[in-house]
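# Geometric and topological summary
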Protein chains: 2
Amino acid sequence: MSAALDRSADGPIEGGSRRLILDTAARLLRGGGYHQTTLREIAEAVGIRKASLYYHFASKEEIVEAVVNDGVRFVHEAVVAALAQASDATPRKRLEAAIRAHLTALHGHGDYTSASIKVFTFGATPTPDSVRRVRRAYEDVWRALIAELQEAGALSPQRAPDALRFFLLGALNGSTDWYRPDRFDLADLAREFTGLITHGEQGGAAAMAADLASANR
Amino acid sequence: MSAALDRSADGPIEGGSRRLILDTAARLLRGGGYHQTTLREIAEAVGIRKASLYYHFASKEEIVEAVVNDGVRFVHEAVVAALAQASDATPRKRLEAAIRAHLTALHGHGDYTSASIKVFTFGATPTPDSVRRVRRAYEDVWRALIAELQEAGALSPQRAPDALRFFLLGALNGSTDWYRPDRFDLADLAREFTGLITHGEQGGAAAMAADLASANR
DNA sequence: CCTACCGATCGGTAGG
DNA sequence: CCTACCGATCGGTAGG
C-alpha cells in the first residue's frame, strides 16, 4: 500500500482499513465477479456499514478497479522476478519459470489475481483506462519473452507471436475455471504446459540444440 | 427446436416465439453474462412485456440454461461432424479440423456458443445438472480425441491428457475475450494452434513420421 | 399475451 | 465511521 493512498490522517480510520476493504472485495469478486458482488456484502464481511465504504472509495467501480489492478500488478511483478532469477537459464527454462510464476501468482497467493481474471469486464461501464494500461504493461512482458524465445529457437518462429501470446495467456488464465490445489501441482502444470508448446515445426531437435547453445554461452 | 418443447398449441403463441426469446437472450447473454442480462432487456428486445416471458419459461435460470445447453450442443455437433468428415485424414489434420470446428462454431455462428462460455457460472445458484451433463458430454469428445492422437504420436504421450485438454479448451474458449473477425482468420488460427501443440518431447520428426504412416494406411 | 403490482435489493447520498 | 433515506431496478406473481 502506497503512503499516498493511505488516508489514515483524514478521519476516523485506522491503518489497515482501506486494505482490509480491498482484501475482502478481492475475495468476494474472485467468487462472484462484478455484478454478483455487492457493496453490502463487502461491508458486512469487513464489519462496517455499507455507507462507510464511501469514506474510503468514491464508488463500487473504484473498489473493483483497485483490486483488479493490484492483481495484475502482482502477477506482473512475479513473472518479471522469475525471469530475472532465471536470466542465465535456457530459453525453455525461462519460459517454464515465467509460466510457473504466472500460475503460482494466480493460484497460490491471495484473491486479487483470480479476481482480476474473473472481472474481465466492468459490466455496462467501459473498462477503466488504468486497467487497460496495467493489463497492457503485463502483456508487454510476454510480448518480449515470446520474441526472445522465438529468436532463440525455443518457440517456433513460424508461429504468429500474437496468436501464441493469446493462446498461452488464455490457457493460463482459463485455469481459474478448473484448477484445484488437491488435484494439480503448479510446478507440474508449468512443466506440462511448457512441454506442450516448446517445439515448433522443426521439432524438438532444434529446440534442444538451442537449449544447449544457451547453456554453454 | 424439438417438437416436444414447442408449446405453440397451448395458448396465444405463434410458432417461433420461444425460439425468438432464446435467440434474443443468447445475444444479450453473450455480451453481458448472467447478472448483467435482465428479463426486462430480453422482453423489450423481443417486443413483449417482461411478465409474458413467464408464459414460456418458469424462471430466468430456465432461459439461461436453455441457451447455454444449446450453445454447447452446437459446438459439440460441429466438432463431431468435422471429425467424421476428416476420419481418413492424418492425426494432425484431424486435430486441426476439430480445433477449426470449435473456433468456427464459437465465433462464426449466432450467439449461443459465446453465451455458453460467458455464462460459466450461474450466479449464486449452482450450475444446473443438465448443463453439467451437456458440458461433460462435449469434453468426452476431446478426451477421446486426445487419447487417439497420443496413441498415434501426433501429441506427445508424455503429456498428461487432462492437463492437455484443460490447456487446449481453455485457450480456445479464451478466444472469446480477444478474437475479432477483422483481425484473425479462423482457419489460420486453427492452423497456428495446431502447430503450437502438435509436437511432443521427441519433436517434429516423430509426429511427421506418424502423419506419413497415417496417410499411407 | 397483457396490466398492475409485490417485496427485496441495488448503488449511492444527506447529514451528522 | 454511523443512521436514515433515496430512486431505480431486480425477478417474480396475481389475475385476467
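Structural data are supplied above this passage.
Presented here is an overview of the structure given in this document. (Residues numbered from 1 in each chain as written. Chains lettered and ligands numbered in written order. Predicted model: local features only at pLDDT ≥ 70, side-chain atom pairs only at ≥ 80, totals over all residues. Heavy atoms only, no water.)

It is worth spelling out the relation of the copies chain A and chain B at this point. Mapping chain A onto chain B leaves a residual RMSD of 0.0 Å; the transformation is a rotation of 180° accompanied by 0.0 Å of translation along its axis. The superposition of one copy onto the other is thereby described by a two-fold rotation axis. Comparing interface residues between copies, 100% of those in chain A also lie at the interface in chain B; the contact surface is shared. (Least-squares fit on C-alpha atoms with pLDDT ≥ 70 in both. Contact = heavy atoms within 4.5 Å.)

Before going further, it helps to spend a moment on the pattern of salt bridges. Enumeration according to the criterion identifies 26 salt bridges over all chains in this entry. Taken together, the salt bridges that share partners define one network made up of Arg19, Asp70 and Arg73 of chain A. (Salt bridge = Lys/Arg side-chain N within 4 Å of Asp/Glu carboxyl O.)

Once that is clear, we can look at the protein's contact with DNA strand D. Arg49 and Ser52 of chain A together with Arg40, Lys50 and Tyr54 of chain B are the nearest of the 18 residues found near DNA strand D. When atoms of DNA strand D within 4 Å of the protein are split into backbone and base, the sugar-phosphate part holds 53%. The side chain of serine 52 of chain A places a nitrogen or oxygen atom 2.3 Å from a phosphate oxygen of DNA strand D. Between threonine 38 of chain B and DNA strand D, the recorded distance is 3.4 Å, taken from a side-chain N or O atom to a phosphate oxygen. Each residue belonging to the surface near DNA strand D can be placed in one class, and the counts come to eight nonpolar, six polar and four charged. (Near = heavy atom within 4 Å. Polar contact = N/O pair within 3.5 Å; in protein donor to acceptor, adjacent residues only side chain to side chain. Nonpolar A, V, L, I, M, F, W, Y, C, P; charged D, E, K, R; others polar.)

Next up on the list: the packing of aromatic side chains. Summed over all chains, the structure comprises 15 aromatic pairs over all chains. Ring geometry for phenylalanine 166 of chain A and phenylalanine 184 of chain B: centres 5.9 Å apart, planes at 80°, overall edge-to-face. Remark: phenylalanine 184 of chain B occurs in the loop between α8 (161-173) and α9 (186-197) and phenylalanine 166 of chain A occurs in helix α8 (residues 161-174); the pair is interchain, linking two chains. A relative accessible area of 15% means that phenylalanine 166 of chain A is categorised as buried. Ring-pair connections join several aromatic residues into one group, and the members of that group are Phe166, Phe167, Trp178, Tyr179, Phe184 and Phe193 of chain A together with Phe166, Phe167, Trp178, Tyr179, Phe184 and Phe193 of chain B. One residue, lysine 60 of chain A, lies across the ring of tyrosine 34 of chain A, its end atom 4.6 Å from the ring centre. (Phe/Tyr/Trp six-rings, centres within 6.5 Å; stacked < 30°, edge-to-face > 60°. Helix = DSSP H or I, 4+ residues; strand = E, 2+ residues; numbered from the N terminus. Buried < 20%, exposed > 50% of the residue type's maximum accessible area, 1.4 Å probe, protein only. Lys NZ or Arg CZ within 6 Å of the ring centre and 35° of its normal.)

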